[in-house]
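Observations on the model geometry
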Amino acid sequence: MSNHLVEICDLKVAFDGVQVLHGIDLAVGRGEALGLVGESGCGKSVTWLAALGLLPGRATVSGSVRIEGQELCGTPRQALENVRGGRIAMISQDPSSSLNPVIRIGRQITEALTLHRGLRGETARAEALRVMDMVGIPDARRRFDLYPHEFSGGQCQRLMIAMALAGEPDLLIADEPTTALDATIQAQILDLLIQLRAETGMATVFISHDLGAVSQVCERVCVMYAGRIVEQGTIAQLFSEPRHPYTRGLFDAIPRLDGPRDRLIPIPGTVPNPKHLTAGCAFAPRCAHAAATCDFQRPALDLLDDGRHLACFNPVPFAKTVPVRQKMLEGV
Ligand SMILES: Nc1ncnc2c1ncn2[C@@H]1O[C@H](COP(=O)(O)OP(=O)(O)OP(=O)(O)O)[C@@H](O)[C@H]1O
């Protein structure tokens with residue numbers, strides 16, 4: 001059996017005939033933290049929603065998604081439900097997608113414990129309190145019978161993580177888990193994700209626009225553009241020497257606290273509409289490095305000598321490191 005916990009091969013998704021994922025190959029190791037970055041609409045969420053069978057019926061999905069060898073694509077709904085929340089749990093930026101506003105929080109967590117681990121009665125209650133405590137809800141015993149609206153936004157996010165942990169997942173997919181929170185609470189939730197991974201050994205997929213957050217939580221990062229992976233490597237590789245012009249553009253667009261605001265260089269243009277993709281590289285119209293070939297031929301995702309994967313005919317040369325990335329790397 002492979003060393004990977006999850007292996008995604010040639011995953012394709014179309015909505016009403018419009019293809020939005022074009023053959024994603026991705027693996028997550030046991031206990032690994034993988035970051036998925038890219039601008040809005042590039043397919044980060046759809047990749048994992050498709051993997052878990054959570055897309056609406058009008059989506060067409062093909063390819064293979066395996067968890068420890070067990071194929072999920074084409075698996076009956078009931079069997080998938082055992083995997084979701086059990087072996088793989090997903091949290092999003094919106095606690096209301098996981099927390100039911102009219103059910104007391106303790107009951108919601110104990111129900112998840114019953115569903116995924118068969119715990120009941122006092123055992124379930126004790127475990128729910130332990131999980132609430134683990135995610136840093138103060139005075140869990142007293143707050144067990146409160147409703148979600150009686151908790152702050154950051155605490156609701158913690159409770160959502162508690163629900164996810166209830167099934168003792170092998171993989172936690174955190175989809176923009178901190179986007180809706182203010183900076184201090186964001187930092188606390190990131191710390192919590194790092195701490196929980198260290199304590200439980202679960203793998204984490206961290207989906208985010210925020211490269212700084214990804215560098216704190218993850219070991220490896222995957223950059224997506226227009227439904228494809230364009231660069232993939234370790235945090236150190238991509239942060240010190242991004243080779244894809246898109247990855248480089250994402251770094252240059254990060255606001256710097258220590259420099260003049262005019263150093264921020266946004267990527268020109270916008271993400272293409274999936275209906276209007278050409279046979280060329282989807283990033284070519286926005287790319288300062290694009291050559292004539294890039295307009296009509298698409299580069300494959302190749303493995304480079306340094307171990308990263310890159311899909312580009314004309315990559316950024318080595319040794320173009322800029323200080324902002326050095327600063328981020330200090331924490332890696
Ligand atoms: N339910 C849906 N119906 C139709 N199209 C969809 C649906 N969900 C996603 N899409 C399309 O699929 C593409 C990928 O969307 P996805 O949500 O995966 O992007 P993302 O990278 O996660 O963006 P964000 O960072 O904004 O969440 C987009 O073009 C989006 O419009």
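Summarised in this report is the structure supplied together with it. What you are looking at is a predicted structure, and each value in this text was computed from that prediction instead of being measured.

Turning our attention to the overall build of the chain. Along its length, the chain carries 11 helices and 12 strands. Taking 332 residues into account, the globule formula puts the C-alpha radius of gyration at 20 Å, and the chain, at 21 Å, falls close to it. Taking the principal axes of the C-alpha coordinates as reference, the chain spans close to 65 × 50 × 35 Å. Here the chain holds 332 residues, and the buried ones make up 39% of them. Considering only residue pairs separated by 6 or more positions, the chain has 64% of its internal contacts joining residues 24 or more positions apart.

Now for the packing of helix α3 (residues 105–117) against helix α6 (residues 153–166). Each pair of packed helices can be described by the angle between their axes along with the distance between the axes. Following both chains from N to C, one finds α3 and α6 inclined at 20°, their axes separated by 8 Å at the closest point. As far as their axial angle goes, α6 and α3 are roughly parallel. Crossing geometry of α3 relative to α6 is assigned as right-handed. Each of Ile105, Gln108, Ile109, Ala112, Leu113 and His116 in α3 lies in contact with α6, whose residues at this interface are Leu159, Ala162, Met163 and Ala166. Across the contact of α3 with α6, the residue classes tally to eight nonpolar, two polar and no charged.

Looking now at the site of the ligand. Around the ligand, the structure places Phe15, Val20, Gly38, Ser40, Gly41, Cys42, Gly43, Lys44, Ser45, Val46, Pro56 and Pro274. The leading source of residues in the shell around the ligand is helix α1 (residues 44–51), at three residues.

Running from N to C, α3 and helix α4 (residues 121–134) point in directions that differ by 110°, and their axes come no closer than 9 Å. As summarised for this structure, α3 and α4 are arranged roughly perpendicular, according to the angle between their axes. For α3 against α4, the interelement crossing comes out right-handed. On the side of α3, the interface is formed by Gly106, Ile109, Thr110, Leu113 and Thr114, while α4 contributes Ala124, Arg125, Glu127, Ala128, Val131 and Met132. Grouping the amino acids of the contact of α3 with α4 by side-chain chemistry returns six nonpolar, three polar and two charged.

Cut-off values and rules
Position labels on residues start from 1 in each chain and follow its written sequence. At least 70 in pLDDT is required for a residue's local features to be given in this predicted model, at least 80 for side-chain atom pairs to be given and counted, and no such filter applies to totals for whole chains, interfaces and linings, which use all residues. Put simply, DSSP H or I for four residues or longer makes a helix, DSSP E for two residues or longer makes a strand, and each gets a number counted from the N terminus. It is over C-alpha atoms that the radius of gyration is taken, and the globule rule equals 2.2 Å times the number of residues to the power 0.38. Once C-beta atoms are placed from the backbone, each residue is buried if 20 or more other C-beta atoms lie within 10 Å of its own, exposed if 12 or fewer, and partly exposed for counts between those two. The contact criterion used is a C-beta to C-beta distance within 7 Å, with each C-beta placed from the backbone. Between N-to-C directions, angles span 0 to 180 degrees; the directions come from axes that are lines fitted to C-alpha atoms, helices contributing only their stretch in contact. When an angle is under 35 degrees it counts as roughly parallel; over 145 it counts as roughly antiparallel; between 65 and 115 it counts as roughly perpendicular; any other value is oblique. A crossing counts as left-handed when the near helix is turned anticlockwise from the far one by less than a right angle, and as right-handed when that turn is clockwise. Here the nonpolar group is Ala, Val, Leu, Ile, Met, Phe, Trp, Tyr, Cys and Pro; Asp, Glu, Lys and Arg are the charged ones; every other residue, Gly included, is treated as polar. By definition, a residue lies near a molecule or strand when the C-beta atom built from its backbone is within 6 Å of it.

Just distances and angles here, no functional claims.
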